[in-house]
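Descriptive analysis of the structure
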Amino acid sequence: LNRLKRHKAAIMTPLTPAEIADALSRLPGWSHRDASLHKTFRFGSFKAAVDFLHRCVPAIDRLNHHPEWTNVYDRVVVRLNSHDAGNLVTRLDVELAELLDGYADRGV
């Protein structure tokens, strides 16, 4: 139990500006502003955008870290930060960004 608590604390520690810059160098299309990671995913249709959302849900639930996202026609706009870390970016946000990119790259 203590090990799990330490792991949770480590991934919920806010990242430094250098750590965020390093993460962004590996996350094409993502930006950092307003203490959050942001990306707009574009798809070929409304159905493709909604399919992307639905395909991501099981993995997001397993990660137990949920995005703030909106869908307008063929776009999904994502904002990531960690409420438990004072609404700042953590390693968990980077993991979620990587997860979302993976689903988008596989096509919808």
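Everything that follows concerns the structure shown earlier in this document.
To keep things clear, this report deals only with the structure shown in the data block. (Residues numbered from 1 in each chain as written. Predicted model: local features only at pLDDT ≥ 70, side-chain atom pairs only at ≥ 80, totals over all residues. Heavy atoms only, no water.)

A closer look at the packing of helix α3 (residues 46-63) against helix α4 (residues 91-105)
The contact between α3 and α4 brings their axes to 10 Å, and the two run at 145 degrees. The interaxial crossing formed by α3 with α4 has right-handed handedness. Each of Phe52, Arg55, Cys56, Ala59, Ile60, Arg62 and Leu63 in α3 lies in contact with α4, whose residues at this interface are Leu92, Glu95, Leu96, Leu99, Leu100, Tyr103 and Ala104. The residue makeup of the contact of α3 with α4, split by class, is eleven nonpolar, no polar and three charged. (Axes fitted to C-alpha atoms, helices over the stretch in contact; angles between N-to-C directions. Helix = DSSP H or I, 4+ residues; strand = E, 2+ residues; numbered from the N terminus. Left-handed = near helix turned anticlockwise from the far one by under 90°. Contact = heavy atoms within 4.5 Å. Nonpolar A, V, L, I, M, F, W, Y, C, P; charged D, E, K, R; others polar.)

Concerning unusual backbone geometry
Here the phi dihedral of Ala35 falls at roughly 60 degrees; this positive angle occurs in a residue that is not glycine. Tracing the backbone through its elements, the reader meets Ala35 in the loop between β1 (31-33) and β2 (36-42).

So, the side chain of Ser82
Tracing the backbone through its elements, the reader meets Ser82 in the loop between β4 (75-80) and α4. We classify Ser82 as buried; its relative accessible area is 0%. Reaching out from Ser82, the side chain makes a polar contact with the side chain of Thr90 at a distance of 2.8 Å. Once residues within four sequence positions are removed from consideration, Ser82 is found in contact with Met12, His65, Asn87, Leu88, Thr90 and Asp93. (Buried < 20%, exposed > 50% of the residue type's maximum accessible area, 1.4 Å probe, protein only. Polar contact = N/O pair within 3.5 Å; in protein donor to acceptor, adjacent residues only side chain to side chain.)

Some points on the packing of aromatic side chains
Two measures describe an aromatic ring pair: the distance that separates the ring centres and the angle between the ring planes. Across all of its chains, the model carries three aromatic pairs by this definition. Ring geometry for Phe41 and Phe52: centres 5.1 Å apart, planes at 40 degrees, overall tilted. Pair noted here: Phe41 is in strand β2 and Phe52 is in helix α3, with a separation of eleven residues, a long-range link. Of the residues examined, Phe52 reaches a relative accessible area of 0% and is grouped as buried. Note on Phe43 and Phe52: the rings are 5.0 Å apart at their centroids and 35 degrees apart in plane angle, and the pair reads as tilted. With respect to class, Phe43 is no different from Phe52; both count as buried. Taken together, the ring pairs in this structure connect Trp30, Phe41, Phe43 and Phe52 into an aromatic cluster. (Phe/Tyr/Trp six-rings, centres within 6.5 Å; stacked < 30°, edge-to-face > 60°.)

Examining the sheet that holds β2
Strands pair in a sheet through their backbones, by hydrogen bonds, and they do so in one of two ways: parallel or antiparallel. With antiparallel pairing, four strands are arranged side by side in an open sheet as β1-β2-β4-β3. Either end of the sheet is taken by a strand with one partner, and the two such strands are β1 and β3 (68-72). Across the sheet, the mean angle from the axis of one strand to that of its neighbour is 25 degrees, orientation sign disregarded. Where β1 and β2 come together, three bridges link them in antiparallel fashion. Paired with His32 across the bridge in β2 is Leu37. Taken strand by strand, α4 contacts β2, β3 and β4, and its axis lies near 5 degrees from that of β2. (Pairing = 2+ DSSP bridges.)

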